[in-house]
Number of protein chains: 2
Amino acid sequence: MFKLETENSIKFYSPKNEVITKSLPVFYNKEMKLARDVTTYIINQLKPSRILDSMCATGIRSIRIAKECNVKEIVANDINPLAIKLTKKNAKLNKVSLSLSNKNLNILLYEEKPFDYIDIDPFGSPVIFIEPAISNIKNNGILAITATDLGPLYGRHPSTCRRRYNCIPLNNYFRKELAARILIYRSQIIASSHDKSLIPVFVDAGQYYIRVYFKCTKSKSNKVFKQHKHLFYNSKNLEYSFDYFPESTVHGPFYIGSLWDKSLTQNFNLIKYLKDESTLDVFGYYDIHKICKKFKLSSKIKISTLIDNLKSSGYKASRTHFSPQGIRSNIEIKELINHLT
Amino acid sequence: MFKLETENSIKFYSPKNEVITKSLPVFYNKEMKLARDVTTYIINQLKPSRILDSMCATGIRSIRIAKECNVKEIVANDINPLAIKLTKKNAKLNKVSLSLSNKNLNILLYEEKPFDYIDIDPFGSPVIFIEPAISNIKNNGILAITATDLGPLYGRHPSTCRRRYNCIPLNNYFRKELAARILIYRSQIIASSHDKSLIPVFVDAGQYYIRVYFKCTKSKSNKVFKQHKHLFYNSKNLEYSFDYFPESTVHGPFYIGSLWDKSLTQNFNLIKYLKDESTLDVFGYYDIHKICKKFKLSSKIKISTLIDNLKSSGYKASRTHFSPQGIRSNIEIKELINHLT
């Protein structure tokens, strides 16, 4: 029923499952190792002292934080008693001390004294857990939110996106970044009702997830609304603008501000291209293959050469961790096409 | 410290306070008698069986429901131990049986089995209690929400309205109705994230409060978004439209649908004009005095005569409980001015 897994220096028991589904009470997802690498990096940078791993499953994230970071207290919670049993066993196996909690997360968040760091990583949409987390997090605390409901966020299920995120999504080639921007928009809207302000300090995306780390401060400011904009998009020529123009469809609102706090990315090397792209405060990116296909261009140019060309023409340009064929640049699409032909 | 009050057939103890402020742990507000009359009316019409009076204070609403309605169970909750002590004493005095609860409301809502009727009546904004209530209410249950933060809802504090209700308010002569429409918009947005749908079935407004009764159903439908519209407004000629026009300012989004279920108002006589106005599905109303002042008209016409004139010209018209000088009509403002001169 259980097998011994290894992640970094940690050995731990995990249920034997061939396929991961929502119906499993507890599971370990190898795909998320990199996300956990990032978590311990961020915690080591920002040094929160009291941490909540809100849906701990096997306990792997809590145990890694206990092993790899210097924190005062880690509460590992899961609504499932099996998960807590397993987390207890795994903590013992790795000789780390965790405070275990077997509660409905929303009750825990309303009962417990505030945390410096709350990690929300549910199966599917995190949206219904954001408000309780906001009501619990300490001033200047960190809130990490994972979304895996990429269908709605990518605009494949726009009506679900509308309901969950109050946003009209856009299913185009930079939808992975838009997914993060939708999650940020929705989280900020929830926080503002509580007179709190959420500032994204780090975003990372894998094949099956989007993760956003926010700094949460008490604030009665409405500045955040200035960073929420609708996007007007023309699917024929791929042009877009935050101002209305004819023959465009309307999408959003999206958060349009910075995704990364540069003090967190300047020494960050766990994810290729992320450090580079974080230096460019640009909305969206270009998927070169998709653009070539769309405009029937047979460009043979290498992405690295294209980036060099753009830079020598005076543009900012970098690759992006959101897409292997993507480039992030402040060039407009019409000009970019000239560089591809 | 306490004095004996009377409301309908009920005698009950209430703290002696000259002025009602947020800092009082428990208070009784005579101004709300009419709102409670409406509550028992609605409960007698809709017959919910298990009721939560979420912030019961002296217990007056719970005791009135117990005396005046035929319900199975009433949970009277308050976070303040004094309030529960007082409610217990008052329930005994009136020989009614209540289930008493002395909890943080959000914890109660996440712990308890669902209710058929939840009443939220806080001092100030109800917005942070809506999500927990939504997560608890039974399918087809009734959610009654009171807002007393009329400054933000009336547009006197637009930035607070933006934060709490995610809405740009409009401080004009029909702001009392807009306040209800903002509260409805915000509540519906919160419900939609939980795959639930809130349909307003009754709205009543007093000098210091707005109350909305919603029917809550499970629904993955996005129909509700079609009833959320921005309003474009010209403060010079008081014209407005849901479509953009030049020289207008943008406000909202507002809920633009019906405020009353006619099956609840056809025999309703507790509030003057409310039954009449509920038969007209019209957005907004006209304040005749303010319009005459604005356009420097010295109209001497009686409101009742004006309504008769409009009706004989083929328009729908009625008075409105939102304003003693108000009329509700499907006439446009330009035409209305012709009738005033």
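Because the structure is a prediction, the values reported are computed rather than measured.

Rules used throughout
- Residues numbered from 1 in each chain as written.
- Chains lettered and ligands numbered in written order.
- Predicted model: local features only at pLDDT ≥ 70, side-chain atom pairs only at ≥ 80, totals over all residues.
- Heavy atoms only, no water.
- Domains from an automatic or database assignment.
- Contact = heavy atoms within 4.5 Å.
- Buried area = accessible area lost by both parts, 1.4 Å probe.
- Salt bridge = Lys/Arg side-chain N within 4 Å of Asp/Glu carboxyl O.
- Helix = DSSP H or I, 4+ residues; strand = E, 2+ residues; numbered from the N terminus.
- Phe/Tyr/Trp six-rings, centres within 6.5 Å; stacked < 30°, edge-to-face > 60°.
- Buried < 20%, exposed > 50% of the residue type's maximum accessible area, 1.4 Å probe, protein only.
- Lys NZ or Arg CZ within 6 Å of the ring centre and 35° of its normal.
- Core = buried A, V, L, I, M, F, W, Y, C linked by side-chain atoms within 4.5 Å.
- Polar contact = N/O pair within 3.5 Å; in protein donor to acceptor, adjacent residues only side chain to side chain.
- Pairing = 2+ DSSP bridges.
- Least-squares fit on C-alpha atoms with pLDDT ≥ 70 in both.
- Axes fitted to C-alpha atoms, helices over the stretch in contact; angles between N-to-C directions.
- Parallel < 35°, antiparallel > 145°, perpendicular 65-115°, else oblique.
- Left-handed = near helix turned anticlockwise from the far one by under 90°.

Draft legend 1. Just the domain arrangement of chain A, in detail. Residue and element names in this part refer to chain A. Structurally, chain A comprises domain 1 (2-255) and domain 2 (272-340). Placing the centre of domain 1 and that of domain 2 at their C-alpha centroids yields a distance of 28 Å. Each partner contributes residues to the interface: domain 1 has 21 residues there, and domain 2 has 16 residues. With both sides pooled, the region where domain 1 packs onto domain 2 buries about 1,500 Å², and carbon together with sulfur makes up 65% of that total. A per-residue breakdown of the area domain 1 buries against domain 2 is headed by Tyr173, Glu177 and Leu238, which together make up 38% of the total. The tally of links from domain 1 across to domain 2 stands at two salt bridges. Within the residue set of the side of domain 1 that touches domain 2, elements represented by two or more residues are α8 (175-193), β8 (196-205) and β12 (249-255). Residue contributions to the side of domain 1 that touches domain 2 peak at five residues, all from α8.

Draft legend 2. Structural view of the packing of aromatic side chains. Residues and elements named next belong to chain A. Counted under the stated rule, the structure contains 27 aromatic pairs over all chains. For the pair phenylalanine 174 and phenylalanine 283, a centre-to-centre distance of 6.1 Å together with 85° between the ring planes defines the contact as edge-to-face. Within this pair, whereas phenylalanine 174 is found in the loop between α7 (158-165) and α8, its partner phenylalanine 283 is found in the loop between α10 (274-278) and β13 (286-287), the two being separated by 109 residues in sequence. Like phenylalanine 283, phenylalanine 174 is buried. By the ring-pair criterion, three or more aromatic residues cluster together here, those being Tyr173, Phe174, Tyr240, Phe242, Trp260, Phe283, Tyr285, Tyr286 and Phe322. Just above the ring of phenylalanine 115 sits the side chain of arginine 50; from NZ or CZ to the centre is 4.2 Å. Lying over the aromatic face of tyrosine 13, lysine 89 brings its terminal NZ or CZ to 5.0 Å of the ring centre.

Draft legend 3. How the structure looks around the nonpolar core. Residue and element names in this part refer to chain B. Ranked by internal contacts, the top residues of the largest apolar core, which has 101 residues, are Leu143 and Leu336. At 10 residues, the largest contribution of residues to this core is made by helix α8 (residues 175-193). Two domains share this core, each providing at least three of its residues, namely domain 1 (2-255) and domain 2 (272-340). Those residues in contact with leucine 143 that sit more than four places away from it in its chain are Ile118, Ile120, Ala133, Ile134, Ile137, Leu198, Val212, Tyr213 and Phe214.

Draft legend 4. Focus on the interface of chain B and chain A. With 25 residues of chain B at the interface, the matching set in chain A holds 25 residues. Buried area between chain B and chain A, both sides added, is near 2,300 Å², and the carbon and sulfur share of it is 50%. On the chain B side of the contact with chain A, Tyr110(B), Arg163(B) and Ser193(B) bury the most area, a combined 30% of that side's loss. Seen at the junction of chain B and chain A, the total is two salt bridges. For Arg163(B), the salt bridge is made with Asp195(A), and the minimal N-O distance between the two is 2.7 Å. Counting every contact that joins chain B to chain A gives 16 residue pairs in polar contact (both at pLDDT 80 or more).

Draft legend 5. Representation of the sheet that holds strand β15 (residues 323-329) of chain B within the structure. A sheet is described by the order of its strands in space; here three strands give the open sequence β13-β15-β14 (chain B), paired in antiparallel fashion. Two strands lie at the open edges of the sheet, namely β13 (286-287) and β14 (317-320) of chain B, each paired on one side alone.

Draft legend 6. Broad picture of the relation of the copies chain B and chain A. Mapping chain B onto chain A calls for a rotation angle of 180° and an axial translation of 0.0 Å; the resulting RMSD is 0.0 Å. Taken together, the turn and the small shift mark the pair as related by a two-fold rotation axis. Using C-alpha coordinates, one finds that chain B approaches the rotation axis most closely at Ile107(B), a distance of 2.7 Å.

Draft legend 7. Region of interest: unusual backbone geometry. Residues and elements named next belong to chain A. Residue proline 253 is reached from glycine 252 by a cis peptide bond, and omega for that bond is 0°. Within the element layout of this structure, proline 253 appears in strand β12. With phi around 50°, asparagine 8 is a residue other than glycine that occupies positive phi space. You can call asparagine 8 partly exposed: its relative accessible area is 37%. One non-glycine residue, lysine 296, lies in positive phi territory at about 50°. If you trace the backbone, lysine 296 turns up in the loop between α11 (288-294) and α12 (303-312).

Draft legend 8. Representation of the packing of helix α1 (residues 33-46) of chain B against helix α2 (residues 60-68) of chain B within the structure. All names here are of chain B. At a closest axis distance of 10 Å, the pairing of α1 and α2 adopts a crossing angle of 40°. Put simply, α1 runs oblique to α2. The hand of the α1/α2 crossing is right-handed. Across the interface between the two elements, Lys33, Arg36, Asp37, Thr39, Thr40, Ile43 and Asn44 from α1 touch Ile60, Arg61, Arg64, Ile65 and Glu68 from α2.

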